[in-house]
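Topology and contacts: notes
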Amino acid sequence: MRNSNHLVGLVNFLTFVMSIPILGGGIWLSSRANKTECLEFLQWPLIVIGACIMVISLAGFAGSCYRNTLLMWLYLVVMFFILVALVAFIVFAYAVTNKGSGRPVLNRSYHDYYLQDYSGWLKDRVVNPSYWAKISSCIRDSKVCSKMRRNFNGVPETAHMFFSRKLSPIESGCCKPPTVCQYVYNNETVWSPGGELGGDFVGTCSMWSNDQERLCYQCDSCKAGVLGSLDKSWRKVSIINIVMLILLVIFYVIGFAAFRNDKRIDNGESQGEAKMIKFQP
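Now for a look at the structure at hand. Remember, it's a predicted structure, so these values are computed and weren't measured experimentally. The residue numbers shown here count from 1 along each chain, following its written sequence. Only residues with pLDDT of at least 70 get local features here, since the model is predicted, and only at 80 or more are side-chain atom pairs given and counted; chain-wide, interface and lining totals rely on the full set of residues. As a convention, hydrogens and water are excluded, and side-chain values are obtained from all of the structure's heavy atoms.

**Quick word on the overall build of the chain**
Heads up, the condition is: Secondary structure elements are taken from DSSP: a helix is a run of H or I of four residues or more, a strand is a run of E of two residues or more, and numbering for both begins at the N terminus. We call a residue buried when its accessible area falls under 20% of the maximum for its residue type, exposed when it is over 50%, and partly exposed in between, using a 1.4 Å probe and counting protein chains only. Using a 1.4 Å probe, accessible areas were evaluated by the Shrake-Rupley method; residue-level cover was limited to the displayed protein chains.
Helix and strand counts for the chain stand at 9 helices and 6 strands. Evaluated residue by residue, the chain yields a buried proportion of 43% over its 281 residues. Just so you have it, the chain exposes about 14,800 Å², and 63% of that area is on carbon and sulfur atoms.

Here it is, written out as C-alpha coordinates:
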(Lines give C-alpha, C1' and ligand atoms only; values in the text may rest on other atoms or scores of the structure.)
Protein backbone atom coordinates (compact mmCIF):
# COMPACT_ATOMS: atom_id res chain seq x y z
CA MET A 1 0.00 0.00 0.00
CA ARG A 2 1.40 3.37 -1.01
CA ASN A 3 2.25 6.14 1.44
CA SER A 4 -0.51 8.32 0.00
CA ASN A 5 -3.00 5.55 0.64
CA HIS A 6 -1.80 5.32 4.24
CA LEU A 7 -2.27 9.09 4.52
CA VAL A 8 -5.85 8.88 3.22
CA GLY A 9 -6.60 6.17 5.76
CA LEU A 10 -5.11 8.28 8.58
CA VAL A 11 -7.13 11.31 7.49
CA ASN A 12 -10.33 9.26 7.51
CA PHE A 13 -9.55 7.91 10.95
CA LEU A 14 -8.94 11.44 12.29
CA THR A 15 -12.19 12.57 10.64
CA PHE A 16 -13.97 9.79 12.52
CA VAL A 17 -12.41 11.03 15.76
CA MET A 18 -13.50 14.62 14.95
CA SER A 19 -17.11 13.47 14.58
CA ILE A 20 -17.23 12.37 18.23
CA PRO A 21 -17.14 15.92 19.77
CA ILE A 22 -19.76 17.12 17.25
CA LEU A 23 -22.05 14.20 18.02
CA GLY A 24 -21.33 14.57 21.74
CA GLY A 25 -22.21 18.26 21.62
CA GLY A 26 -25.56 17.45 20.04
CA ILE A 27 -26.27 14.77 22.64
CA TRP A 28 -25.32 17.19 25.45
CA LEU A 29 -27.71 19.81 24.06
CA SER A 30 -30.39 17.14 23.77
CA SER A 31 -29.94 16.19 27.43
CA ARG A 32 -30.25 19.86 28.44
CA ALA A 33 -33.34 20.23 26.26
CA ASN A 34 -34.95 17.31 28.04
CA LYS A 35 -34.04 18.50 31.55
CA THR A 36 -33.92 22.29 31.65
CA GLU A 37 -34.11 24.32 28.43
CA CYS A 38 -37.01 22.29 27.00
CA LEU A 39 -36.34 23.43 23.43
CA GLU A 40 -35.93 20.33 21.30
CA PHE A 41 -35.04 21.14 17.72
CA LEU A 42 -31.66 22.89 17.39
CA GLN A 43 -29.70 19.89 18.63
CA TRP A 44 -31.05 17.37 16.10
CA PRO A 45 -29.30 18.77 12.99
CA LEU A 46 -26.03 18.65 14.95
CA ILE A 47 -26.61 15.03 15.96
CA VAL A 48 -27.45 14.07 12.36
CA ILE A 49 -24.37 15.86 10.98
CA GLY A 50 -22.10 14.23 13.58
CA ALA A 51 -23.52 10.77 12.85
CA CYS A 52 -23.15 11.30 9.07
CA ILE A 53 -19.50 12.35 9.46
CA MET A 54 -18.87 9.25 11.56
CA VAL A 55 -20.46 6.89 9.01
CA ILE A 56 -18.93 8.44 5.90
CA SER A 57 -15.45 8.57 7.49
CA LEU A 58 -15.69 4.83 8.11
CA ALA A 59 -16.62 4.37 4.45
CA GLY A 60 -13.60 6.42 3.43
CA PHE A 61 -11.36 4.46 5.78
CA ALA A 62 -12.57 1.18 4.28
CA GLY A 63 -12.05 2.59 0.78
CA SER A 64 -8.46 3.58 1.56
CA CYS A 65 -7.66 0.21 3.17
CA TYR A 66 -9.10 -1.89 0.33
CA ARG A 67 -8.22 0.59 -2.43
CA ASN A 68 -11.87 0.88 -3.38
CA THR A 69 -12.17 3.91 -5.64
CA LEU A 70 -15.96 4.00 -5.45
CA LEU A 71 -15.94 4.29 -1.66
CA MET A 72 -13.28 7.00 -1.81
CA TRP A 73 -15.27 9.06 -4.29
CA LEU A 74 -18.37 8.55 -2.15
CA TYR A 75 -16.47 9.81 0.88
CA LEU A 76 -15.13 12.90 -0.91
CA VAL A 77 -18.46 13.92 -2.47
CA VAL A 78 -20.66 13.28 0.57
CA MET A 79 -18.13 14.80 2.97
CA PHE A 80 -18.08 17.99 0.90
CA PHE A 81 -21.84 18.42 1.29
CA ILE A 82 -21.65 17.55 5.01
CA LEU A 83 -19.05 20.29 5.54
CA VAL A 84 -21.27 22.76 3.69
CA ALA A 85 -24.22 21.72 5.88
CA LEU A 86 -22.10 22.11 9.04
CA VAL A 87 -21.02 25.62 8.00
CA ALA A 88 -24.63 26.57 7.26
CA PHE A 89 -25.82 25.18 10.59
CA ILE A 90 -23.13 26.96 12.62
CA VAL A 91 -24.01 30.26 10.92
CA PHE A 92 -27.74 29.67 11.44
CA ALA A 93 -27.37 28.67 15.11
CA TYR A 94 -25.14 31.67 15.79
CA ALA A 95 -27.59 34.03 14.04
CA VAL A 96 -30.66 32.84 15.96
CA THR A 97 -29.05 32.54 19.41
CA ASN A 98 -26.70 35.54 19.47
CA LYS A 99 -29.45 37.99 20.43
CA GLY A 100 -29.51 39.70 23.80
CA SER A 101 -28.14 38.79 27.22
CA GLY A 102 -28.94 39.15 30.91
CA ARG A 103 -28.81 42.51 32.67
CA PRO A 104 -26.71 42.96 35.82
CA VAL A 105 -28.76 43.76 38.94
CA LEU A 106 -27.54 46.10 41.69
CA ASN A 107 -26.49 44.20 44.83
CA ARG A 108 -27.26 40.87 43.20
CA SER A 109 -24.91 38.19 41.88
CA TYR A 110 -27.43 36.99 39.31
CA HIS A 111 -28.75 38.69 36.18
CA ASP A 112 -32.32 39.52 35.25
CA TYR A 113 -33.63 38.69 31.77
CA TYR A 114 -35.94 40.85 29.68
CA LEU A 115 -37.76 39.64 26.60
CA GLN A 116 -37.37 42.97 24.80
CA ASP A 117 -33.60 42.39 24.79
CA TYR A 118 -34.08 39.48 22.37
CA SER A 119 -35.24 39.43 18.78
CA GLY A 120 -35.41 37.27 15.70
CA TRP A 121 -36.73 33.91 14.64
CA LEU A 122 -35.93 32.02 17.86
CA LYS A 123 -37.73 34.59 20.02
CA ASP A 124 -40.80 34.40 17.79
CA ARG A 125 -40.80 30.63 18.12
CA VAL A 126 -40.44 30.68 21.91
CA VAL A 127 -43.20 33.25 22.51
CA ASN A 128 -45.66 31.44 20.24
CA PRO A 129 -48.51 30.54 22.66
CA SER A 130 -48.85 26.90 21.61
CA TYR A 131 -45.09 26.36 21.68
CA TRP A 132 -44.63 28.19 24.98
CA ALA A 133 -47.31 26.01 26.57
CA LYS A 134 -45.11 22.98 25.87
CA ILE A 135 -41.91 24.71 27.05
CA SER A 136 -43.43 26.03 30.30
CA SER A 137 -44.95 22.63 31.04
CA CYS A 138 -41.55 21.01 30.49
CA ILE A 139 -39.84 23.52 32.83
CA ARG A 140 -42.45 22.91 35.52
CA ASP A 141 -42.12 19.13 35.19
CA SER A 142 -38.32 19.38 35.40
CA LYS A 143 -38.67 20.74 38.98
CA VAL A 144 -35.87 23.22 38.29
CA CYS A 145 -37.43 25.75 40.68
CA SER A 146 -37.99 23.36 43.57
CA LYS A 147 -34.35 22.28 43.25
CA MET A 148 -33.29 25.87 44.03
CA ARG A 149 -34.22 25.53 47.68
CA ARG A 150 -31.34 25.30 50.15
CA ASN A 151 -31.07 24.64 53.85
CA PHE A 152 -28.02 25.11 56.02
CA ASN A 153 -28.17 22.89 59.11
CA GLY A 154 -31.94 23.01 58.89
CA VAL A 155 -32.00 26.81 58.56
CA PRO A 156 -33.59 28.17 55.34
CA GLU A 157 -31.52 30.35 53.05
CA THR A 158 -31.66 34.04 53.94
CA ALA A 159 -32.32 36.85 51.46
CA HIS A 160 -28.69 37.96 51.58
CA MET A 161 -27.50 34.44 50.81
CA PHE A 162 -29.99 34.11 47.97
CA PHE A 163 -28.99 37.45 46.43
CA SER A 164 -25.36 36.27 46.46
CA ARG A 165 -26.13 33.20 44.37
CA LYS A 166 -25.37 32.91 40.67
CA LEU A 167 -28.67 31.72 39.22
CA SER A 168 -29.07 30.16 35.81
CA PRO A 169 -31.13 32.17 33.29
CA ILE A 170 -34.12 29.86 33.77
CA GLU A 171 -33.88 30.00 37.58
CA SER A 172 -33.69 33.79 37.46
CA GLY A 173 -36.44 34.25 34.89
CA CYS A 174 -38.94 31.54 35.86
CA CYS A 175 -38.51 30.83 39.56
CA LYS A 176 -38.60 34.34 41.04
CA PRO A 177 -40.26 37.65 40.13
CA PRO A 178 -38.17 40.21 38.21
CA THR A 179 -36.19 42.44 40.57
CA VAL A 180 -37.86 45.54 39.14
CA CYS A 181 -41.18 44.29 40.60
CA GLN A 182 -39.83 45.01 44.12
CA TYR A 183 -41.18 41.83 45.67
CA VAL A 184 -39.92 40.94 49.15
CA TYR A 185 -38.03 37.67 49.61
CA ASN A 186 -39.59 35.02 51.87
CA ASN A 187 -37.80 32.02 50.43
CA GLU A 188 -36.46 30.99 47.04
CA THR A 189 -39.90 30.60 45.43
CA VAL A 190 -42.19 32.57 47.76
CA TRP A 191 -42.19 36.38 47.56
CA SER A 192 -44.47 39.07 49.01
CA PRO A 193 -45.59 42.20 47.15
CA GLY A 194 -43.41 45.21 47.93
CA GLY A 195 -43.42 48.78 46.65
CA GLU A 196 -45.76 50.28 44.09
CA LEU A 197 -44.73 49.93 40.47
CA GLY A 198 -46.15 51.67 37.46
CA GLY A 199 -45.43 51.77 33.75
CA ASP A 200 -44.70 48.87 31.45
CA PHE A 201 -43.85 46.35 34.20
CA VAL A 202 -47.26 46.22 35.91
CA GLY A 203 -48.54 43.44 33.65
CA THR A 204 -45.34 41.44 33.94
CA CYS A 205 -45.21 41.72 37.74
CA SER A 206 -48.84 40.70 38.12
CA MET A 207 -48.08 37.35 36.48
CA TRP A 208 -46.02 36.21 39.47
CA SER A 209 -47.72 33.69 41.76
CA ASN A 210 -46.58 31.92 44.91
CA ASP A 211 -48.48 28.89 43.66
CA GLN A 212 -45.60 26.45 43.06
CA GLU A 213 -47.31 25.20 39.91
CA ARG A 214 -47.43 28.70 38.42
CA LEU A 215 -44.59 30.88 39.79
CA CYS A 216 -43.40 33.00 36.85
CA TYR A 217 -43.85 30.40 34.12
CA GLN A 218 -46.05 32.79 32.13
CA CYS A 219 -43.81 35.83 32.68
CA ASP A 220 -41.86 37.40 29.85
CA SER A 221 -38.79 37.04 32.07
CA CYS A 222 -39.18 33.24 31.93
CA LYS A 223 -39.28 33.28 28.13
CA ALA A 224 -36.21 35.52 28.15
CA GLY A 225 -34.53 33.11 30.59
CA VAL A 226 -35.06 30.23 28.16
CA LEU A 227 -33.52 32.30 25.36
CA GLY A 228 -30.61 33.29 27.62
CA SER A 229 -30.01 29.67 28.59
CA LEU A 230 -29.95 28.65 24.93
CA ASP A 231 -27.44 31.41 24.21
CA LYS A 232 -25.06 30.13 26.88
CA SER A 233 -25.35 26.50 25.81
CA TRP A 234 -24.86 27.24 22.13
CA ARG A 235 -21.88 29.49 22.71
CA LYS A 236 -20.12 26.59 24.43
CA VAL A 237 -21.00 24.14 21.67
CA SER A 238 -20.25 26.62 18.88
CA ILE A 239 -16.63 26.97 20.01
CA ILE A 240 -16.18 23.19 19.70
CA ASN A 241 -18.01 23.11 16.36
CA ILE A 242 -15.89 25.87 14.84
CA VAL A 243 -12.64 24.21 15.93
CA MET A 244 -13.85 20.84 14.60
CA LEU A 245 -14.96 22.46 11.32
CA ILE A 246 -11.51 23.99 10.74
CA LEU A 247 -9.81 20.65 11.44
CA LEU A 248 -12.28 18.76 9.23
CA VAL A 249 -11.67 21.14 6.33
CA ILE A 250 -7.89 20.72 6.73
CA PHE A 251 -8.22 16.91 6.85
CA TYR A 252 -10.55 16.96 3.85
CA VAL A 253 -8.10 18.98 1.75
CA ILE A 254 -5.22 16.70 2.75
CA GLY A 255 -7.27 13.60 2.00
CA PHE A 256 -8.42 14.95 -1.37
CA ALA A 257 -4.85 15.87 -2.36
CA ALA A 258 -3.54 12.45 -1.29
CA PHE A 259 -6.32 10.68 -3.20
CA ARG A 260 -5.59 12.67 -6.38
CA ASN A 261 -1.89 11.94 -6.02
CA ASP A 262 -2.69 8.24 -5.61
CA LYS A 263 -4.82 8.28 -8.76
CA ARG A 264 -2.11 10.12 -10.68
CA ILE A 265 0.45 7.48 -9.67
CA ASP A 266 -1.95 4.73 -10.74
CA ASN A 267 -2.50 6.40 -14.11
CA GLY A 268 1.23 6.90 -14.56
CA GLU A 269 1.92 3.23 -13.86
CA SER A 270 -0.81 2.14 -16.27
CA GLN A 271 0.63 4.33 -19.02
CA GLY A 272 4.14 3.03 -18.28
CA GLU A 273 3.01 -0.58 -18.47
CA ALA A 274 1.21 0.12 -21.75
CA LYS A 275 4.37 1.62 -23.24
CA MET A 276 6.45 -1.36 -22.13
CA ILE A 277 4.00 -3.76 -23.79
CA LYS A 278 3.91 -1.64 -26.95
CA PHE A 279 7.68 -1.51 -27.35
CA GLN A 280 8.36 -5.05 -26.18
CA PRO A 281 10.19 -6.95 -29.04
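Now that the structure has been shown, the text picks up again.
**Remarks on a nonpolar patch on the surface**
For the record, the criterion: Each patch is built from residues that are more than 30% exposed by relative accessible area and take part in no salt bridge. Like charges join if they lie within 9 Å; nonpolar side chains (Val, Leu, Ile, Met, Phe, Trp, Tyr) join within 5 Å. Salt bridges, as used here, are contacts in which a Lys or Arg side-chain nitrogen is within 4 Å of a carboxyl oxygen on Asp or Glu.
Taken together, the side chains of L7, L10, F13, V17, F61, I242, I246, I250 and I254 define a hydrophobic patch exposed on the protein surface, amounting to about 740 Å² of accessible area. Those elements giving two or more residues to the nonpolar patch turn out to be helix 1 (3-37) and helix 9 (220-279). Within the secondary structure, F13 sits in helix 1.

**Some thoughts on unusual backbone geometry**
As a rule of thumb, non-glycine residues mostly have phi less than zero, and peptide bonds are mostly trans rather than cis. In this structure, N153 is a non-glycine residue whose phi angle is positive, near 55°. One can find N153 in the loop between strand 3 (151-152) and strand 4 (155-156). Owing to a relative accessible area of 82%, N153 belongs among the exposed residues under this scheme. For L215, which is not a glycine, the phi torsion comes out positive at approximately 40°. Secondary-structure assignment places L215 in the loop between helix 8 (202-206) and helix 9.

**Quick look at the pattern of salt bridges**
Applying the stated criterion to the full structure yields 5 salt bridges. Between K176 and D112 there is a salt bridge, with the nearest N and O atoms lying 2.8 Å from each other. Of this pair, K176 sits in the loop between helix 7 (169-174) and strand 5 (184-187) while D112 is found in strand 2 (residues 111-112), placing the two residues 64 residues apart along the sequence. The same class applies to K176 and to D112, which are both buried. Salt-bridge contacts for E213 lead to R140; the nearest nitrogen and oxygen are separated by 3.8 Å. Highlighted residues: E213 in the loop between helix 8 and helix 9 and R140 in helix 5 (residues 129-142), separated in sequence by 73 residues.

**Description of the state of the cysteines**
By definition, a disulfide links the sulfur atoms of two cysteines through a covalent bond. Note the threshold: The criterion for a disulfide is a pair of cysteine sulfur atoms lying within 2.5 Å.
Inspection of the entire model under this criterion finds 4 disulfides. A sulfur-sulfur distance of 1.8 Å marks the disulfide that ties C216 to C219. Classification of the bridge connecting C216 and C219 rests on its S-S torsion, roughly -90°, and on that basis the disulfide is left-handed. When sorted by exposure, C216 lands in the same class as C219, which is buried.

**Section: helix 5**
This is how it is decided: One less than the residue count of a helix, multiplied by 1.5 Å, gives the span that helix is expected to have. Working definition: the arc comes from the directions between the helix axis and the C-beta atoms, pointing outward to the latter.
Between its first and last C-alpha atoms helix 5 spans 20 Å; for 14 residues at 1.5 Å apiece the expected length is 20 Å, and the two agree. All of the buried residues in helix 5 are Y131, W132, I135, S136, C138, I139 and S142. Viewed end-on, helix 5 has its buried residues packed into an arc of 155°, placing them on one side of the element. When the buried face of helix 5 is taken as reference, the exposed residues oriented beyond 90 degrees from it are P129, K134 and D141. K143 lies just past helix 5 and shows a positive phi near 60°.

**Examining the packing of helix 2 (residues 43-65) against helix 3 (residues 69-97)**
Operational definition: Here an angle of 0 to 180 degrees is reported between the N-to-C directions of two axes, which are lines fitted to C-alpha atoms, with helices fitted over the stretch in contact. Angles below 35 degrees are treated as roughly parallel, those above 145 as roughly antiparallel, those between 65 and 115 as roughly perpendicular, and all remaining angles as oblique. Definitions for this section: a left-handed crossing has its near helix turned counterclockwise from the far helix by less than a right angle. A right-handed crossing has that turn clockwise. In this analysis, two residues are considered to be in contact whenever any of their non-hydrogen atoms come within 4.5 Å of each other. When residues are sorted by character, Ala, Val, Leu, Ile, Met, Phe, Trp, Tyr, Cys and Pro go into the nonpolar class, Asp, Glu, Lys and Arg into the charged class, and all the rest, Gly among them, into the polar class.
Between helix 2 and helix 3, the least distance of the axes is 9 Å, while the angle of their chain directions is 160°. Of the possible angle classes, the one that applies to helix 2 and helix 3 is roughly antiparallel. When you trace helix 2 past helix 3, the crossing you get is left-handed. Counted together, P45, L46, I49, C52, I53, I56, S57, A59, G60, A62, G63 and S64 of helix 2 and L71, M72, L74, Y75, V78, M79, I82, A85, L86 and F89 of helix 3 form the full contact between these two elements. Class assignment for the residues of the contact of helix 2 with helix 3 results in 18 nonpolar, 4 polar and no charged.

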